[in-house]
Amino acid sequence: MGGHRDISAADRFHVPVLVREAIEYLVADRRGVYVDATLGGGGHTRAILDALDAGGRVIGIDMDPDAIAAARIKLGDDQRWVPVQARFSHIKEVVKESGYKEIAGVLADFGVSSYQIDHPERGFSYMADGPLDMRMNPNAGAPASELLQKLDEAELASIFHRYGEERMARKIARAIVTKRKSRPIQRTRELAEIVESVVSGKHAVKSLARIFQALRIAVNEELQEIETFLNAAFQVLKPGGRLVVISYHSLEDRLVKRFFREKARGCICPPEVLKCTCGHQPEVQILTKKVVRASENEIQNNPRARSAKLRAFEKV
Ligand SMILES: C[S@@+](CC[C@H](N)C(=O)[O-])C[C@H]1O[C@@H](n2cnc3c(N)ncnc32)[C@H](O)[C@@H]1O
């Protein structure tokens, strides 16, 4: 994959978000082994490597072969990192197969990269025409066009409602089912036109963003991936190890917030018990009492930073 694409411009691949903050929370041991669970163009990995000394190591995971290729170019022959093409829900297996046990920190920067959005042939964008693919790993799983073909109206509406929080979910699902009777919907432009036929005027752009987001989440099983990842990442961390997570929309952040709260909880006695008898201790200490957001200055230079929320904990 990716041979014909412009992945040589690794610096344009993606501008990383909240870099300084992520490193501050992540790196407590300059000789530790770290996992960048969302390697992308290698922007965050570059910054982690810069913060480590000669003994430090980074395992960079991404399911997109183009991301691995771009990161290889960006990070050159630095011997302290290794790329692994995998789903981040498999972080435990990746760490084990890499031969490491004690992980000092895990970073995850969820969502799509600018590269994925900017390449119409990947099918993530409603702004340019391309095949309706949306797979972060184009060599595995079913593309978005297949979901649009095989799911029934209620299932499509449920995806648009749950993953896109789209109010016109049912109407849009119905329009898709009507349209596909004449021929399969295979291009991003065709899907965009269906959405625009249901939602007109100034609301159309927001609906387009929500529908494309919803489909992308379904195609890549993003929320299931995040849930499995959070639990597995906690397990691979050594005591004192850090988890730093950057999320971009409320569905992602809700999962992260809930997981953090659960792990930070002390007593788990039922609410009617007056005196604690469980003796349960918090498993993590939350380092970001308030969620960390990008500065105005960063947002000016990188609009993706506007919706970014960073949370971090240390394993007890
Ligand atoms: C926002 S980008 C990361 C950018 C990166 N931090 C950088 O500095 O360039 C998210 C990356 O995570 C990858 N990704 C998303 N979900 C994944 C999953 N479940 N498993 C593995 N990689 C995933 C995407 O392919 C994408 O390259």
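All of these numbers come straight from a predicted model, not from anything done at the bench. (Residues numbered from 1 in each chain as written. Predicted model: local features only at pLDDT ≥ 70, side-chain atom pairs only at ≥ 80, totals over all residues. Heavy atoms only, no water.)

**Digging into the overall build of the protein**
To be explicit about the condition: A run of H or I in DSSP becomes a helix once it reaches four residues, and a run of E becomes a strand once it reaches two; helices and strands are each numbered from the N terminus. With a 1.4 Å probe rolled over the protein chains alone, any residue whose accessible area is under 20% of its type maximum counts as buried; one over 50% counts as exposed, and the rest are partly exposed. Every accessible area reported is derived by Shrake-Rupley at a probe size of 1.4 Å, with residue values counting cover from the shown protein chains alone. For the purpose of counting charges, residues Lys and Arg are taken to be positive, whereas Asp and Glu are taken to be negative. His and the chain ends are not included. Taken as the charge centre is NZ of Lys, CZ of Arg, CG of Asp or CD of Glu, depending on the residue.
Helix and strand content of the protein: 14 helices and 7 strands. Expressed as lengths along the three principal axes of its C-alpha atoms, the size of the protein is roughly 60 × 60 × 40 Å. Of all 316 residues assigned to the protein, the portion counted as buried reaches 53%. Approximately 15300 Å² of the protein is accessible, and the part contributed by carbon and sulfur atoms is 50%. Of the charged side chains in the protein, 49 are positive and 42 negative; the average position of the first set lies 4 Å away from that of the second.

**Looking at the site of the ligand**
What counts is decided by this rule: Here a residue is near a molecule or strand as soon as one of its heavy atoms is found within 4 Å of it. We define a polar contact as two N or O atoms separated by no more than 3.5 Å, with the added condition that, inside protein, one atom must be a possible hydrogen donor and the other a possible acceptor, whereas residues neighbouring each other in sequence contribute only through side-chain atom pairs. Cavities and pockets are found on a 1 Å grid laid over the protein atoms alone: a cavity is a set of points where a 1.4 Å probe fits but cannot escape, a pocket is an open set with protein on both sides within 12 Å along at least five of seven lines, and a lining residue has an atom within 4 Å of such a point. Occupancy of a cavity or pocket is assigned to a molecule whenever over half of its atoms lie within 2 Å of that pocket's grid points. By the convention adopted, Pro, Cys, Tyr, Trp, Phe, Met, Ile, Leu, Val and Ala count as nonpolar, Lys, Arg, Asp and Glu as charged, and the other residues, Gly among them, as polar.
Contacts to the ligand come from 24 residues, most closely from His 44, Asp 62, Phe 88, Asp 109 and Glu 225. Residue Asp 109 places a side-chain N or O atom 2.8 Å away from a nitrogen atom belonging to the ligand. At a separation of 2.8 Å, a nitrogen atom of the ligand approaches a polar side-chain atom of Glu 225. Here the ligand has 600 Å² of accessible area as a free molecule, and 98% of this is covered by the chains. In this structure, the ligand is accommodated by the largest cavity. Classifying every residue of the shell around the ligand gives 8 nonpolar, 10 polar and 6 charged.

**Details of the nonpolar core**
Here is a general trend for soluble globular proteins: nonpolar side chains tend to be buried in one another's company. Definition in use: Residue types Ala, Val, Leu, Ile, Met, Phe, Trp, Tyr and Cys, when buried and joined through side-chain atoms within 4.5 Å, form a set referred to as a nonpolar core. As used throughout, domain bounds are those supplied by an automatic or database domain assignment. Working rule for contacts: check all heavy atoms of both residues, and any pair within 4.5 Å makes them a contact.
Counting 68 residues, the largest nonpolar core has Ile 91, Val 106, Phe 160, Leu 191, Phe 229 and Leu 243 as the members making the most contacts within it. Both domains that furnish three or more residues to this core are identified here as domain 1 (10–115 + 222–315) and domain 2 (137–219). Those residues in contact with Phe 229 that sit more than four places away from it in its chain are Ala 37, Phe 88, Ser 89, Ile 91, Val 106, Ala 108, Phe 110 and Leu 243. Core analysis: the next-biggest nonpolar cluster, separate from the first, contains 30 residues, Ala 47, Leu 107, Val 244 and Ile 299 among them.

**Remarks on the pattern of salt bridges**
Counted only if it meets this: The salt bridge criterion pairs a side-chain nitrogen of Lys or Arg with a carboxyl oxygen of Asp or Glu, the two atoms within 4 Å.
What the rule picks out here adds up to 24 salt bridges. The residue Glu 21 makes a salt bridge to Arg 20 at a minimum N-O spacing of 3.3 Å. Across the pair Glu 227 and Arg 258 runs a salt bridge whose closest N-O atoms are separated by 3.3 Å. With Glu 227 in helix α12 (residues 222–236) and Arg 258 in helix α13 (residues 250–264), this pair connects stretches of sequence that are 31 residues apart.

**Structural notes on the packing of helix α10 (residues 188–198) against helix α11 (residues 204–219)**
What counts, and what does not: Note on geometry: axes are lines fitted to C-alpha atoms, helical ones only across the stretch in contact, with angles between N-to-C directions running from 0 to 180 degrees. Any angle that falls under 35 degrees is termed roughly parallel, while one over 145 is termed roughly antiparallel, one within 65 to 115 roughly perpendicular, and all others oblique. By definition, any crossing whose near helix is turned counterclockwise from its far helix by less than a right angle is left-handed, and any crossing with a clockwise turn is right-handed.
Packing of α10 against α11 leaves a shortest axis separation of 10 Å and a crossing angle of 130°. One finds that α10 runs oblique with respect to α11. Seen from above, α10 lies across α11 with right-handed handedness. Facing Thr 188, Leu 191, Ala 192, Val 195 and Glu 196 of α10, the residues of α11 in contact are Ala 204, Ser 207, Leu 208, Ile 211, Phe 212 and Leu 215. In terms of residue class, the contact of α10 with α11 is built from 8 nonpolar, 2 polar and 1 charged.

**A closer look at the packing of helix α8 (residues 153–164) against α11**
Axes are the key here: two packed helices are described by the angle between their axes and the distance separating the axes. The contact between α8 and α11 brings their axes to 8 Å, and the two run at 100°. The angle between α8 and α11 falls in the class roughly perpendicular. On α11, the residues touching Ile 159, Phe 160, Tyr 163 and Gly 164 of α8 are Arg 210, Ile 211, Gln 213, Ala 214, Leu 215, Ile 217 and Ala 218. Of the residues contributing to the contact of α8 with α11, the split by class is 8 nonpolar, 2 polar and 1 charged.

**A few points about unusual backbone geometry**
Both trends apply: most residues other than glycine have a negative phi, and most peptide bonds are in trans. In this structure, Leu 18 takes a positive phi of about 50° despite not being glycine. Its place among the elements puts Leu 18 in the loop between α1 (10–13) and α2 (19–26). Under the relative-accessibility criterion, Leu 18 is labelled buried at 0%. Although it is not a glycine, Glu 221 adopts a positive phi angle of roughly 50°. Assignment of secondary structure puts Glu 221 in the loop between α11 and α12. Note on Glu 221: relative accessible area 40%, which makes it partly exposed.

**Re the packing of aromatic side chains**
To describe a pair of aromatic rings, one takes the distance between the centres and the angle between the planes. Put simply, the test is: Two rings belonging to Phe, Tyr or Trp (six-membered ring only in the last case) form a pair when the distance between their centres is within 6.5 Å. Interplanar angles under 30 degrees mark stacking, angles over 60 mark edge-to-face geometry, and anything in between is tilted. Cation placement over rings: the criterion is NZ of Lys or CZ of Arg within 6 Å of the ring centroid and within 35° of the ring normal.
Enumeration according to the criterion identifies 7 aromatic pairs in this entry. Taking 5.6 Å as the distance between ring centres and 50° as the angle between the ring planes, the aromatic pair formed by Phe 88 and Phe 110 counts as tilted. One end of the pair, Phe 88, is in the loop between β3 (81–85) and α5 (91–97); the other, Phe 110, is in the loop between β4 (103–109) and α6 (114–118), and 22 residues separate them in sequence. Here Phe 88 and Phe 110 have matching classes, each one buried. Over the ring of Phe 234 we find Lys 263, and its NZ or CZ is 4.2 Å from the ring centre. For Lys 315, the ring lying beneath its charged end belongs to Phe 234, and the centroid distance is 4.3 Å.

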